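Structural characterization, general
Next come the chains, spelled out residue by residue.
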Amino acid sequence: MIPGAVLGWDMGAAIALAQALGIDTLIAAELLPEIEAVMVRKLNEQMEGSRDG
């Protein structure tokens, strides 16, 4: 854990959410890591920009 940074998602929770929404969990398991990587990078960039002023 790093204060002020996003490291990743809880994939167990993400798969459970996909299942609850009726999304094929095998497809979700294939796509989520790619989506997670982009979202983590963008969130960290956004938070870094907020700290810089």
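The preceding data block contains the structure.
1. Notes on the overall build of the protein
Per the secondary structure count, the protein includes two helices and zero strands. Taken against the 2.2 N^0.38 rule, which gives 10 Å for 53 residues, the C-alpha radius of gyration of the protein at 14 Å runs more than 25% over that of a compact globule. With respect to the principal axes defined by its C-alpha atoms, the protein has extents near 40 × 15 × 15 Å. Counting the 53 residues in the protein, one finds 11% classified as buried. Of the roughly 4,200 Å² of accessible surface on the protein, 63% is carried by carbon and sulfur atoms.

2. Regarding the pattern of salt bridges
Side-chain pairs of opposite charge can arise where the charged atoms are in close proximity. Tallying each qualifying case throughout the model produces one salt bridge. Among the salt bridges present, the one from Lys42 reaches Glu45, with a minimum N-O distance of 3.8 Å. On the criterion of helical spacing, the pair formed by Lys42 and Glu45 is a turn pair, its members being three residues apart in helix 2 (residues 25-52). Given the relative accessible area of 47%, Lys42 is considered partly exposed. Overall, the relative accessible area of 45% leaves Glu45 in the partly exposed class.

3. Side note on the side chain of Glu36
By secondary structure assignment, the location of Glu36 is in helix 2. No salt bridge is formed by the buried Glu36, whose closest oppositely charged neighbour, Arg41, lies at an N-O distance of 10 Å. If sequence neighbours within four positions are ignored, Glu36 has contacts with Gly8, Trp9 and Met11.

Each value, and the rule that gives it
Residues numbered from 1 in each chain as written. Predicted model: local features only at pLDDT ≥ 70, side-chain atom pairs only at ≥ 80, totals over all residues. Heavy atoms only, no water. Helix = DSSP H or I, 4+ residues; strand = E, 2+ residues; numbered from the N terminus. Rg over C-alpha atoms; globule rule 2.2 N^0.38 Å. Buried < 20%, exposed > 50% of the residue type's maximum accessible area, 1.4 Å probe, protein only. Areas by Shrake-Rupley, 256 points an atom, 1.4 Å probe, with all protein chains shown as cover. Salt bridge = Lys/Arg side-chain N within 4 Å of Asp/Glu carboxyl O. Lys, Arg positive; Asp, Glu negative; His and termini not counted. Contact = heavy atoms within 4.5 Å.

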